[in-house]
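Examination of the molecular architecture
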Amino acid sequence: MSASAKKIYRPETRLVQAGTLRSPFGETSEALYLTQGYVYDNAAQAEARFKGEDPGYQYSRFANPTVDMFERRMAAFEGAEAARATATGMAAVTLALVGQVKAGDHVVASKAMFGSCRYIVEDYLPRFGVTSTLVDGCNLDAWREAVRPNTKTFFLESPTNPALEVIDIAEVARIAHAAGATLVVDNVFATPLFQSPLALGADCVVYSATKHIDGQGRCLGGIVLASRKFIMDHVHVLLRQTGPSMSPFNAWVLLKGLETLAVRVRRQADNAAALAVAIAEHPKISRLIYPGRPDHPQAAVARKQMRGGSTLLAFEIKGGKPAAFRFQDALKLIRISNNLGDAKSLITHPATTTHQRLTPAQRAELGISDGLVRVSAGLEHPDDIVEDVLAALEAA
Ligand SMILES: *Cc1c(COP(=O)(O)O)cnc(C)c1O
């Protein structure tokens, strides 16, 4: 090893330290550069910046030191060459997909998706002549059969929202690459701590930083991570010219969120697993879905590609919508909200909220019954979460 070889720190260490750009003041905590633009020493420097011959900043729509620190820390954690932060998770998904296609192209995606992602693939892209096929993501033959000569990219999330199916990322990446297409993975539910899609063969990974990365309910944000070539070919120019950029303030909050991500996500996953154990045999529950358990339908795939369970679990209450509503209303600690990954435990009823736009048949296909609820475990004491759920089940 040469004296200049840099030590590669472990993931938890990178979450706290990587990407810090310390100013001459030597601040401990990352500085918040709340500035729109930058001044130049002289006219020649301005010219050089615009020519790309001088590496400094020009304008915060596409580059800002605080946003840069967030991108560098995320890239170091994820093992990606490059990253671009965005205003929201949906901006990240939209850039990663729209940036790759033009009229006449085709996209294949798993049909179990966050509602707005499904809108992009199913309704928005076709308006511009980009067709799409939605498949059952767990059925590898369905991905193979959906490929057309003009297929440009595959898109999936795993575990899926809200039924927590686990899709084999390495196998889907193989099918995509054999077809000359790329694979984009929405890794929000798994978190970067528990799953590394790029290492499994994906070409691009996207996050809603609104979820576990903030983890305390404050800011919206998103990020696209990929090879330098993917970012420069598909993402950078579109972000720079259309402007769905992350604000420096949000980048600063999210950087501080990253420092505690590993501790929070492990504790939240432990709480979700404890709740799963406590209610698994409950007579009022007809189905329990938790990716860390041996009774999960894709338990083997989860073991192969994930390093932890999930901070979320889903379960079906007997008695359909009326029982699910009575149950939610009887909870005292866990609050009703469509958000997830928060320090506070949250519950949602997908059939009447996040997935109400779908037809009953489409919901049935995705395993979203009228009795299904999804719990995002927070950082409270696990016994308080379990006691709240057990008491509310009695009331339901
Ligand atoms: C929340 C979420 C998004 C969208 O992120 P926003 O920050 O709300 O725009 C995309 N995908 C998944 C899986 C999500 O949970």
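**Considerations on the sheet that holds strand β11 (residues 346-348)**
Spatial ordering of the open sheet is given by β8-β9-β12-β11-β10, a layout of five strands whose pairing is mixed. At either end of the open sheet lies a strand with only one pairing partner, and these are β8 (285-289) and β10 (335-336). Taken together, the two bridges between β10 and β11 define a ladder with parallel strand orientation. Paired with I336 across the two strands is I347, which belongs to β11.

**Some words on the pattern of salt bridges**
Under the counting rule described, the total for this entry stands at 20 salt bridges. With a shortest N-O distance of 2.8 Å, R266 and E12 are connected by a salt bridge. Residue R266 is located in helix α10 (residues 248-279), and its partner E12 is located in helix α1 (residues 11-17); the two are separated by 254 residues in the primary sequence. The salt bridge involving E316 is made with R287; its shortest N-O contact spans 3.5 Å. On the criterion of sequence distance, the pair formed by E316 in strand β9 (residues 312-317) and R287 in strand β8 is long-range, its members being 29 residues apart.

**Considerations on the state of the cysteines**
Under the defined criterion, the tally for this structure stands at zero disulfides. Looking at C138, it has no disulfide partner, and the nearest cysteine sulfur is the one in C117, 17 Å off. Using a relative accessible area of 29% as the deciding quantity, one classes C138 as partly exposed. Between C204, a cysteine without a disulfide, and C117, which holds the nearest cysteine sulfur, the sulfur-to-sulfur distance is 12 Å.

**Re the pairing of strand β2 (residues 106-110)**
Counting buried residues along β2, five of its five residues qualify, which places the element largely inside the surrounding structure. The alternating pattern of β2 places H106, V108 and S110 and V107 and A109 on opposite faces, both of which are buried. Running through helix α5 (residues 115-124), the crossover from β2 to the neighbouring parallel element strand β3 (residues 131-135) is right-handed. Here β2 runs beside strand β4 (residues 151-157); their pairing, made up of four bridges, is parallel. Directly across from A109, in β4, lies its bridge partner F155.

**Let's talk about the packing of helix α3 (residues 65-78) against α10**
Where α3 meets α10, the axes come as close as 8 Å, and the angle between the chain directions of the two elements is 30°. With respect to α10, the axis of α3 lies roughly parallel. As α3 runs across α10, the sense of the crossing is left-handed. The residues of α10 that touch α3, namely those facing T66, V67, M69, F70, R73, M74 and F77, are P248, A251, W252, L254, L255, L258, E259 and L261.

**Let's talk about the packing of aromatic side chains**
Under the definition given, this model contains seven aromatic pairs. Plain terms: the ring middles of Y119 and Y124 are 6.5 Å apart, the flat faces sit at 35° to each other, and that makes the pair tilted. Through a chain of ring-to-ring contacts, the aromatic side chains of Y119, Y124 and F128 assemble into a single cluster. We note R240 situated over the ring of F62; from NZ or CZ to the ring centre the distance is 3.9 Å.

**A few points about the domain arrangement of the protein chain**
Where the parts come together, the accessible area they lose is often given as the size of the interface. According to the domain assignment, the protein chain consists of domain 1 (11-256) and domain 2 (262-395). Relative to domain 2, the C-alpha centre of domain 1 lies at a distance of 27 Å. Of the residues lining the interface, 40 residues belong to domain 1; the matching set on domain 2 comes to 37 residues. Here domain 1 meets domain 2 over a buried area of about 3200 Å², counting both sides, of which 57% is carbon and sulfur. Our enumeration of links across domain 1 and domain 2 arrives at four salt bridges. There are 17 residue pairs in polar contact (both at pLDDT 80 or more) connecting domain 1 and domain 2. Residue assignment for the side of domain 1 that touches domain 2 shows that the elements contributing at least two residues are α1, α5, α7 (169-178) and α8 (191-194). No other element matches α5, which puts five residues into the side of domain 1 that touches domain 2. The residue inventory of the side of domain 1 that touches domain 2, partitioned by class, reads 21 nonpolar, ten polar and nine charged.

Cut-off values and rules
Residues numbered from 1 in each chain as written. Predicted model: local features only at pLDDT ≥ 70, side-chain atom pairs only at ≥ 80, totals over all residues. Heavy atoms only, no water. Pairing = 2+ DSSP bridges. Helix = DSSP H or I, 4+ residues; strand = E, 2+ residues; numbered from the N terminus. Salt bridge = Lys/Arg side-chain N within 4 Å of Asp/Glu carboxyl O. Disulfide = S-S within 2.5 Å. Buried < 20%, exposed > 50% of the residue type's maximum accessible area, 1.4 Å probe, protein only. Right-handed = clockwise from strand over helix to strand, strands pointing away. Axes fitted to C-alpha atoms, helices over the stretch in contact; angles between N-to-C directions. Parallel < 35°, antiparallel > 145°, perpendicular 65-115°, else oblique. Left-handed = near helix turned anticlockwise from the far one by under 90°. Contact = heavy atoms within 4.5 Å. Phe/Tyr/Trp six-rings, centres within 6.5 Å; stacked < 30°, edge-to-face > 60°. Lys NZ or Arg CZ within 6 Å of the ring centre and 35° of its normal. Domains from an automatic or database assignment. Buried area = accessible area lost by both parts, 1.4 Å probe. Polar contact = N/O pair within 3.5 Å; in protein donor to acceptor, adjacent residues only side chain to side chain. Nonpolar A, V, L, I, M, F, W, Y, C, P; charged D, E, K, R; others polar.

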